[in-house]
Amino acid sequence: MATSLRSCKMRRNSLAVLVLMALWEGLASAQQPARKPEIGYVYPAGAQQGSVVNVVVGGQTLAGAVSALISGEGIEAEVVGYDRPLTAGEATRLRQRLEEAQKKLYPNARGLGLRRGEQMRIQELAREAGITDDQLRKLEEARRNRTDPKRQLNPQIQEQVSVKIRVSSNAQPGMRELRLHTRLGLTNPIRFFVGTLPEVAEIEPNQVLPDTAIGDRLPVVINGQITPGDLDRFVFKAARGMQLVAAVSAREIVPYLADAVPGWFQAVARITDKAGREVAYDDDWEFRPDPVLRVRIPADGEYILEIRDSIYRGREDFVYRIALGELPFLEGIFPLGVRRGATARAELVGWNLPTKTLSLDASAPGVRTVSVMPGGPRCSQTSYRVDNLPEAMEKEPNDTTRAAQRATLPIIANGRIVRPGDTDVYVIHGSKGQRIAAEIVARRLGSPLDATLTLTDAAGRRLAFADDCTDPTAGLITHQADPWFVATLPKTGAYYLRVADSQGQGGATHAYRLRVSPPEPDFDLRFTPASIALRAGQSVPVTVHVIRRDGFKGAVDLALTGAPEGFSLSGARVPEAQDSVRMTLTAAPSSEITELTRLTLEGRATIAGKTIRRTAIPADERMQAFAYTHLVAYNDCLVDVTGRAFTRPPTAFDAESPIRIPVGGTATVEIGRIAGPLVQSIVVELDEPPPGITIEKSEITGSGGTLVLRADPKKARVGDRGNLIANLFIRREAGGPARRQQASRLAPLGCLPAIPYEILRPAATADSSARKETASKR
């Protein structure tokens, strides 16, 4: 995938507003679409190395898809078709045409007979009415969907784009990101997997008579979809003594569904013998929703694998992949990490493992992946962590304060809750007033441990306790179970840290890493969305999220790195103690950018006198089950820049000189001349403004004007800082005699560069309402 990576100059002075250079009739092409193209699933969701597959991508606003993009090397994709269901109006009009044809050809007939499958007559009527076979097919689909009580209409996934994917024989196995490039811009990314195992796709119907495509071809990956009330069955041959693994990937493919409870396809899988006797069943694996079956085959013969939704729901985005065979299943490793630069081997826990231990690469800090089957399915992999602090291994027995294991700060202790009811106790020596940070990393590395962490003094008095702490960087974990706290020691002496499982569980996979150290303030960054479409010179909002570690509260300044010249950020600062801020990205004014641009943001903060830099990870904010939101990370943020919108880009506003609005008062923003057609009225609206901030007055024409902001004394909060996002519209009066009484329409032009603001106390800024923040045309 071609990308453009060039240097970017940051401009910071004043705010200049330069809108469209287009004729009045051309406004529609410059408008930012109200509905962005979105995709909800791809089926099949993967392919084997060296294969060519045809897949269907489902979503909305996909008309005009021109290309498909898949991350990484060794894989090509081509859009070959587009389809969508009929609207209610289209179906009604087609049916009326059939009825008119029937009155002409069969004046005495009653009803069209669609339900009775009178295909010959219907086809004759269709020819008479000028209706194509494709329209007739869609009409029948509309009837079935309308009359099926199990089927829920899902407009967000009803459009379909057909894509041909070619995977080279040396393509790197693993997860890729698939996007569609449409005339309205890029879609969100969705997961697509490249594997090494042979693959088959289900053939419906397979609910009563099992699908026979597998036969004795094991191992294999099965691809399928669950429709409403569906049960998919596959027959396969297995020999006595085989240690069979069936690992389902469902939520792994589509992590979150906004309009379904619990927010994903909750798969249930089982294996029976030919007589229907159950030999294996699972509806999840530990804390993971996707089930994994493990079974020792009792006798030679045929067996049936079944998969369904737990409550028999179904729709097109209930997509699954099942890795079936005598595959390695890596349940966990111990330890869960290693110090950077150290030599370590991990003990492996699981089924069909080719070795008992595996060397861990400790060359660089961070979360790493280890696999016992290179290029194999997800069940053959797990994660571990490389850190910089000294490390120690837990030594049993250490269940009580008397047997507590001594630890010298700073340290990372690698331990396991080895049996139900087990606890691990560590003793440290601290000084009065000393601050310590204690954190468990377990669930975030795949451990089923639901950890609790307790700090007590020598007398047994509890000084701190933590259970589940949310880490937004672990966006795919819905039950966050790793504890963390910072505590101040009241006096010099011995202190005890106790690790336990809140559910009283334990076992060989219940491993953890316990960090005890002075607080190490730090931060991670995420920014959304992961796909951006805008016109040359236009500004669009992006959101930067700061994940603060160990009490870090400082401001974070953002900058583009490696972007094409002319790209800029406005409002590029996350203020102190805030977790997220919306800012704006402005594209270069040139419309000559023909390649997609990979966008990279870097955050910079000062911590203990040192400048710390962190790269922001692209993400999408996904909704789960109508209510919960999660940050799902991706490898790349891609930007699609299309035709020209501005004569030249607005200048990024200086985050260090915000608009200061006193509570109960106003502040004025002056806007310079707007380039473009002669416009009598421009409307400005704030997009998701903070509490109490409103536009009191807006007087803007093509020659410029002023924007007056007010801070409501009852709603505005003193000390609030951030950015205001202001959308621009041109008022278009309805034309023609028949429309004179109709209301005028607003044609969107995009948004201004983000306007940094600060809410002040009224007494401290008596003259602030008269102050003007001027942004003149350069």
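Refer to the preceding data block for the structure.
This is a predicted model, so every value here is computed, not measured.

1. Quick look at the overall build of the protein
From N to C terminus, the protein includes four helices and 58 strands. For the protein, with 778 residues in total, the buried portion stands at 52%. Sequence separation of at least 24 residues holds for 72% of the intrachain contacts in the protein that already meet a minimum separation of 6. Looking at the protein as shown, the accessible area adds up to about 35,100 Å², and 48% of this sits on carbon and sulfur atoms.

2. A few points about the sheet that holds strand S12 (residues 211-215)
Spatially, the five strands line up as an open sheet ordered S12-S14-S19-S16-S17, and their pairing is mixed. In this open sheet, the two strands that pair with only one neighbour each are S12 and strand S17 (278-282). Sheet twist, expressed as the mean angle between neighbouring strand axes with direction ignored, is 20°. Bridge count between S12 and strand S14 (residues 231-238): two bridges; the pairing is parallel. Bridged to Gly-215 within S14 is Phe-236.

3. Points about the packing of helix H2 (residues 88-105) against helix H4 (residues 133-147)
In the contact formed by H2 and H4, the axes pass within 10 Å of each other and the chain directions differ by 115°. With respect to each other, H2 and H4 are oriented roughly perpendicular. Between H2 and H4 the crossing geometry is left-handed. Note on element contacts: H4 touches H2 through Gln-135, Leu-136 and Leu-139, opposite Ala-91, Leu-94 and Leu-98. Within the contact of H2 with H4, the residues separate by chemical class into five nonpolar, one polar and no charged.

4. Observations regarding the environment of Gly-603
With respect to the helices and strands, Gly-603 occurs in strand S45 (residues 601-607). Of the residues examined, Gly-603 reaches a relative accessible area of 0% and is grouped as buried. Taking C-alpha positions, Gly-603 is 9.3 Å from Phe-523, a pair spaced 80 residues apart along the chain. With near-sequence residues (within four places) excluded, Gly-603 lies in contact with Phe-523, Leu-525, Val-556, Asp-557, Leu-558, Ile-612, Arg-613 and Arg-614.

5. Details of the pattern of salt bridges
Going through the model one piece at a time under the given rule, you end up with 51 salt bridges. Via salt bridges that share partners, Glu-439, Arg-444, Asp-471, Asp-482, Arg-515, Glu-520, Asp-524, Arg-549 and Asp-550 belong to a single interconnected network.

6. Describing the sheet that holds strand S26 (residues 381-387)
Strand pairing in a sheet relies on backbone hydrogen bonds, with the paired strands running either antiparallel or parallel. Reading across from one edge, S22-S26-S25 is the order of the three strands in this open sheet, with mixed pairing throughout. Each end of this open sheet is capped by a strand with a single partner; those strands are strand S22 (337-339) and strand S25 (366-371). Averaged over all pairs of adjacent strands, the angle between strand axes in this sheet comes to 30°, irrespective of strand direction. When S25 meets S26, the two strands line up antiparallel, connected through six bridges. Bridging from a neighbouring strand, Gly-366 pairs with Val-386 of S26.

7. A word on the pairing of strand S15 (residues 243-249)
Extensive coverage of S15 is indicated by the burial of seven of its seven residues. Of the two faces of S15, both are covered, the one formed by Gln-243, Val-245, Ala-247 and Ser-249 as well as the one formed by Leu-244, Ala-246 and Val-248. Here S15 runs beside strand S18 (residues 292-296); their pairing, made up of five bridges, is antiparallel. Counterpart to Val-245 in the pairing with S18 is Arg-294. In terms of strand pairing, S15 meets strand S20 (residues 319-325) through five bridges, oriented antiparallel. Bridging across to S20, Ala-247 finds its partner in Ala-323.

Basis of the calculations
- Residues numbered from 1 in each chain as written.
- Predicted model: local features only at pLDDT ≥ 70, side-chain atom pairs only at ≥ 80, totals over all residues.
- Heavy atoms only, no water.
- Helix = DSSP H or I, 4+ residues; strand = E, 2+ residues; numbered from the N terminus.
- Buried < 20%, exposed > 50% of the residue type's maximum accessible area, 1.4 Å probe, protein only.
- Contact = heavy atoms within 4.5 Å.
- Areas by Shrake-Rupley, 256 points an atom, 1.4 Å probe, with all protein chains shown as cover.
- Pairing = 2+ DSSP bridges.
- Axes fitted to C-alpha atoms, helices over the stretch in contact; angles between N-to-C directions.
- Parallel < 35°, antiparallel > 145°, perpendicular 65-115°, else oblique.
- Left-handed = near helix turned anticlockwise from the far one by under 90°.
- Nonpolar A, V, L, I, M, F, W, Y, C, P; charged D, E, K, R; others polar.
- Salt bridge = Lys/Arg side-chain N within 4 Å of Asp/Glu carboxyl O.

Nothing here speaks to function; it is all geometry.
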